[in-house]
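One letter stands for each residue in the lines below.
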Amino acid sequence: MAARTLTKAISCFVKNPRLHRCGNLSILPVTPSEAVSFPFAHSTLGKSQYFSTKGMSIMGNLVKEKLSASRQVVTEFVEDNMVIGVGSGSTIDLAVRFLTSKIRDGNLHVVCIPTSFQARQLILENNLILGDLNSHPILDLALDGADECDENLTLIKGGGGCLTQEKIVASCAKRLIIIADYTKMSTKLGEKWKNGIPIEVLPCAFTPVAKKIEENFGGVAKLRMAEKKAGPVVTDNGNFILDWKFPTDVTFDWKSTNTTITMIPGVVETGLFVGMAEKVYFGMADGSVLSK
């Protein structure tokens, strides 16, 4: 949401370069030393434009940190003639801006494979080449975010409800690179992310699946309810999501746990990504980027 708010505000500026306010956001062109660079492929802005985010509540959502990590990852990993998986979420929303800029500035040929409806729309909105796994079953690279990452690079993903397609795309990629801010970095899962592990389930099976998870592993598996519609969240695949708040005083073998949960009839996929990420890039509070 933060990224979309910033994008909307900058779009206002693109349409009217003299505008200094869009809604409750101030947009002030400043020098590079005073601001964060945010690339857009609009002719009005040229290749890059700098904006001040001073005083904007949006910065509370760690946009600077996400931008720093996104910029470094796209710069280091994206090359010509690649097929790239495009993840979902606010961090990837920002990363796609850098991806678009690099592709256009370098005249690169890159095919983008979406992991969700949101990712598909981002690809189309930025006039990137849209592909799918049936035509491109092997990907050179997948770029995605994460809700939490432990010291072994085990990830919790699916806070945005796109875990199944994200995992399918990641499994088809030669390399999975994660982009995150420093608040997602933990020693063990559950240290910072308190919303549990998302588990996509068939609608007819959410109750028995929840009971089996609780009986086998403890904790609470709760059906995720929608905020702006009556009833539960429905995924892009037409399924429900259980958020399993696992006991944090138990040491889990996440690979074994993931396998066991996946084998429960009615489970489509889990938000546990074990042994899948090659590297994780964390945007830090001081503007640096830490890779693990």
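## Observations regarding the layout of surface pockets
Next up, step 1: The computed volume of the largest pocket comes to approximately 1300 Å³.
Next up, step 2: Mapped onto the lining of the largest pocket, the elements with two or more residues apiece are helix H1 (2-15), helix H3 (90-105), helix H4 (117-125) and strand E12 (176-181).
Next up, step 3: When grouped by side-chain class, the residues that make up the lining of the largest pocket number 15 nonpolar, 14 polar and 14 charged.

## Things to note about the side chain of Glu269
Next up, step 1: In this structure, Glu269 sits in strand E16 (residues 267-270).
Next up, step 2: A polar side-chain atom of Glu269 sits 3.1 Å from a polar atom in the side chain of Lys167.
Next up, step 3: Apart from residues no more than four positions distant in its own chain, Glu269 is found in contact with Leu163, Thr164, Lys167, Ile199, Glu200 and Thr262.

## Details of the confidence of the model for the protein
Next up, step 1: Of all residues in the protein, 79% have pLDDT values of 70 or greater, and the mean over the chain is 85.
Next up, step 2: In this model residues 9-60 is a low-confidence stretch, pLDDT under 50, and it forms 82 contacts with partners more than four residues away in sequence or in other chains.

## Quick notes on the sheet that holds strand E10 (residues 148-149)
Next up, step 1: Reading across the sheet, the three strands line up as E10-E11-E17 and stay open at both edges, with antiparallel pairing between neighbours. If you trace the sheet from one side to the other, it starts and ends with E10 and strand E17 (272-273), each paired once.

## Some points on the sheet that holds strand E15 (residues 240-245)
Next up, step 1: If you walk across this open sheet you meet the four strands as E14-E15-E13-E16, and the pairing is antiparallel. Lying at the two open borders of the sheet, with one neighbouring strand each, are strand E14 (220-223) and E16. Strand-to-strand twist across the sheet, computed as the mean angle between neighbouring axes with direction ignored, equals 30 degrees.
Next up, step 2: In the sheet, strand E13 (residues 197-201) pairs with E16 via three bridges, with the strands oriented antiparallel. Within E16, the residue paired with Glu200 across the bridge is Glu269.
Next up, step 3: Contacts between helix H6 (residues 206-217) and the sheet are confined to E13, E14, E15 and E16, with E15 contributing the most and set at about 15 degrees to the helix.

## Points about the pattern of salt bridges
Next up, step 1: Tallied over the entire structure, the rule returns eight salt bridges.
Next up, step 2: As a salt-bridge pair, Lys174 and Asp140 come within 3.7 Å of each other at their nearest N and O atoms. Of the two residues, Lys174 is situated in the loop between helix H5 (163-171) and E12 and Asp140 in the loop between strand E8 (129-130) and strand E9 (141-144); the sequence distance between them amounts to 34 residues.
Next up, step 3: Judged by its relative accessible area of 59%, Lys174 falls in the exposed class.
Next up, step 4: Here Glu278 and Arg175 are joined by a salt bridge, their closest N and O atoms 2.7 Å apart. Of this pair, Glu278 sits in the loop between E17 and strand E18 (279-283) while Arg175 sits in the loop between H5 and E12, placing them 103 residues apart in sequence.
Next up, step 5: The class of Glu278 is partly exposed, set by a relative accessible area of 37%.
Next up, step 6: Taking the relative accessible area as the measure of exposure, Arg175 reaches 33% and is therefore partly exposed.
Next up, step 7: By sharing partners, the salt bridges in this structure join Asp144, Lys157 and Glu166 into a single network.

## Quick word on the nonpolar core
Next up, step 1: By size, the foremost hydrophobic cluster in this structure holds 29 residues, and its most contacted members are Val78, Ile84, Val86, Leu99 and Leu141.
Next up, step 2: Within the residue set of this core, elements represented by two or more residues are helix H2 (63-77), strand E6 (82-86), H3, strand E7 (110-114), H4, E9 and E12.
Next up, step 3: Counting residues in each nonpolar core, the second largest holds 23 residues, with Ala205, Leu242, Val267 and Leu272 among its members.

## Concerning H3
Next up, step 1: With 16 residues, H3 extends 23 Å between its outermost C-alpha atoms, agreeing within 8% with the 22 Å of an ideal straight helix rising 1.5 Å per residue.
Next up, step 2: Within the span of H3, buried status applies to Thr91, Ile92, Asp93, Leu94, Ala95, Val96, Arg97, Phe98, Leu99, Thr100, Ser101 and Ile103.
Next up, step 3: Of the residues one or two after H3, Asn107 is the one with positive phi, at around 50 degrees.

Each value, and the rule that gives it
- Residues numbered from 1 in each chain as written.
- Predicted model: local features only at pLDDT ≥ 70, side-chain atom pairs only at ≥ 80, totals over all residues.
- Heavy atoms only, no water.
- 1 Å grid on protein atoms, 1.4 Å probe; cavity = no way out; pocket = protein on both sides within 12 Å on 5 of 7 lines; lining within 4 Å.
- Points joined across faces, edges and corners; volume = space filled by probe spheres on them.
- Helix = DSSP H or I, 4+ residues; strand = E, 2+ residues; numbered from the N terminus.
- Nonpolar A, V, L, I, M, F, W, Y, C, P; charged D, E, K, R; others polar.
- Polar contact = N/O pair within 3.5 Å; in protein donor to acceptor, adjacent residues only side chain to side chain.
- Contact = heavy atoms within 4.5 Å.
- pLDDT = per-residue confidence, 0-100.
- Pairing = 2+ DSSP bridges.
- Axes fitted to C-alpha atoms, helices over the stretch in contact; angles between N-to-C directions.
- Salt bridge = Lys/Arg side-chain N within 4 Å of Asp/Glu carboxyl O.
- Buried < 20%, exposed > 50% of the residue type's maximum accessible area, 1.4 Å probe, protein only.
- Core = buried A, V, L, I, M, F, W, Y, C linked by side-chain atoms within 4.5 Å.
- Expected span 1.5 Å × (residues − 1).

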